[in-house]
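Observations on the model geometry
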Amino acid sequence: MRFLLDQAQRDFGRTLDRLLGAADTPGVARAWARGESAPGRALWGRLAEAGVTALAVPEAYEGVGPLPVELAVACVELGRHAVPGPWAETAAAAVLLTASPSAGDWLPRIASGQAMVTVAMADGGPYALDADAADAVLAVRGEELCLAPGHGPVRASLDPARRLAPPLPGGELLARGAAVAEAAARAADWAAFATAAQSLGTGFALLDRTVAYVKQRTQFGRAIGSFQAVRHQLADVLIGLEFARPLLHGAAVALAAGGSGGGAGAEVAAAKVAAGEAAYAAARTALQLHGAIGYTDEYDLSLWIRKARALRGAWGSPSACRARVLAS
């Protein structure tokens, strides 16, 4: 089966690429890592105007979705430009809230970009991403969906631009029952899917920057990009990324069909492990070919290297994703 984006989807991706290319996203990411959320919130608003925040919100709640293919296109560009923020978590929140009577209050605000929402649930670990910058923290506890009253201290992360904090206990009960558990399973799939797309974009950014660098760096009087061993390393990275791309599109098709758990869950897990491992390989290759400069804080490449490692384990470790695929 061939997964090809249509013209509108390709144009959407190019529009986001141009928008983000002019937005100094490395500066936004560094400010976000310091706890300065204003530049990131401003960029969130611009992306909301482009329709990104409405992609996971149903049309009944003033969104345009659910549109997983378009969400994949958007998240690839978010990863390519190292855009900080709880993008995958807000998409998951849009799915979670469909099980709550409060959907009419929150979902239109999410769709318009007025509300940045993050989530904490078993599949994502005990912490909520960017809770200090979000307008709300949703916590799934068994078959209960709660609006947490706040968050604990921000913890260190592999990626400084991914700020983790535990939600505080208690809070307003938004929904209870089997419907919450079902919505949580679907929300975890959407979060893992969006994370996989960000990984893919991160991997391509690392590859592009490394290819440009090896054309400039010289050893023995020649650009190192002319050495066969270097070319083989970069070719392996490209193959890994290109193999992950159709898996991501296949997961989008499965989610668009309305599946969760079994079929869609396995497709999402396959995409997550493939994209995460490909981006991680791109990060390791980029670091090896750049040398120590690649990991210094002052050099922009470090933003993507750290992001690749963090995204690899977010919303499903490689071993957990492989186990899910095998179990299916």
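Below you will find a few notes about this structure.

What counts, and where the lines are drawn
Per chain, residue numbering runs from 1 following the sequence as it is written. Given that this is a predicted model, residues contribute local features only at a pLDDT of at least 70 and side-chain atom pairs are listed and counted only at 80 or more, while totals for whole chains, interfaces and linings are drawn from all residues. Excluding hydrogens and water, the side-chain values take into account all heavy atoms of the structure. Side-chain atoms within 4.5 Å are what join buried Ala, Val, Leu, Ile, Met, Phe, Trp, Tyr and Cys residues into a set we call a nonpolar core. Under the scheme applied here, a residue whose accessible area is under 20% of the maximum for its type counts as buried, over 50% as exposed, and between as partly exposed, the area being computed with a 1.4 Å probe on protein chains only. Strands are runs of DSSP state E lasting at least 2 residues, helices are runs of H or I lasting at least 4, and numbering of each runs from the N terminus. Contacts: residue pairs with any heavy atoms within 4.5 Å of one another. Note on geometry: axes are C-alpha line fits, over the in-contact stretch for helices, and angles between N-to-C directions span 0 to 180 degrees. When an angle is under 35 degrees it counts as roughly parallel; over 145 it counts as roughly antiparallel; between 65 and 115 it counts as roughly perpendicular; any other value is oblique. By convention the crossing between two helices is left-handed if the near helix lies anticlockwise of the far one by an angle smaller than a right angle, and right-handed if it lies clockwise. For this classification, the nonpolar set comprises Ala, Val, Leu, Ile, Met, Phe, Trp, Tyr, Cys and Pro, the charged set comprises Asp, Glu, Lys and Arg, and every other residue, Gly included, is treated as polar. For two strands to be treated as a pair, DSSP must find no fewer than two bridges joining them. Residues adjacent in sequence count toward polar contacts only when both atoms are side-chain atoms; beyond that, a polar contact is any pair of N or O atoms within 3.5 Å, and within protein one must be able to donate a hydrogen and the other to accept it.

**Structural notes on the nonpolar core**
Ranked by internal contacts, the top residues of the largest apolar core, which has 100 residues, are L47, L96, M121, L138, F193, L206 and L248. Among the elements that make up this core, the one with the highest residue count is helix α7 (residues 178-214) (18 residues). Those residues within four positions of L47 in sequence are excluded, and the remaining contacts are L16, L19, L20, V52, T53, L78, V83 and W87. Within the second largest apolar cluster, 6 residues are counted, among which are A120, A128, A148 and A165.

**Brief notes about the side chain of Q9**
Examined against the element boundaries, Q9 turns out to sit in helix α1 (residues 7-21). Once you skip the residues sitting within four places of it in the chain, Q9 turns out to touch V69, E70 and V73.

**Structural notes on the packing of α1 against helix α4 (residues 68-80)**
Where α1 meets α4, the axes come as close as 9 Å, and the angle between the chain directions of the two elements is 25°. Regarding the angle of α1 to α4, the classification is roughly parallel. Handedness of the α1/α4 crossing: right-handed. Counting all contacts with α1, which are made through Q9, F12, G13, L16, D17 and L20, the residues of α4 involved are V69, E70, V73, A74, E77, L78 and R80. Looking at side-chain class alone, the contact of α1 with α4 contains 7 nonpolar, 2 polar and 4 charged residues.

**So, the pairing of strand β1 (residues 117-120)**
The two faces of β1 match: V117 and V119 on one face and T118 and A120 on the other face are all buried. Here β1 runs beside strand β3 (residues 136-141); their pairing, made up of 4 bridges, is parallel. Across the sheet, residue T118 finds its bridge partner in β3, namely V137.

**Quick word on the environment of T98**
Looking at where T98 falls in the secondary structure, it is placed in the loop between α5 (87-96) and α6 (103-112). Classification of T98 as partly exposed rests on a relative accessible area of 32%. The sequence separation of T98 and L207 amounts to 109 residues, and the corresponding C-alpha distance is 38 Å. Among all residues touching T98, those that are not within four sequence positions of it are P58, A103, L107 and R186. Polar contacts involving the side chain of T98 include one to the main-chain carbonyl oxygen of V95, which spans 2.5 Å.

**Remarks on the pairing of strand β4 (residues 144-147)**
With 4 bridges connecting them, β3 and β4 associate as antiparallel partners. Residue pairing across strands places L138 opposite L147, the latter belonging to β4. Here β3 folds back onto β4 in antiparallel fashion, the turn holding 2 residues, of which G142 has a positive phi close to 65°. Relative to strand β6 (residues 172-176), β4 is paired through 4 bridges, and the arrangement is antiparallel. Paired with C146 across the strands is L173, a residue of β6.

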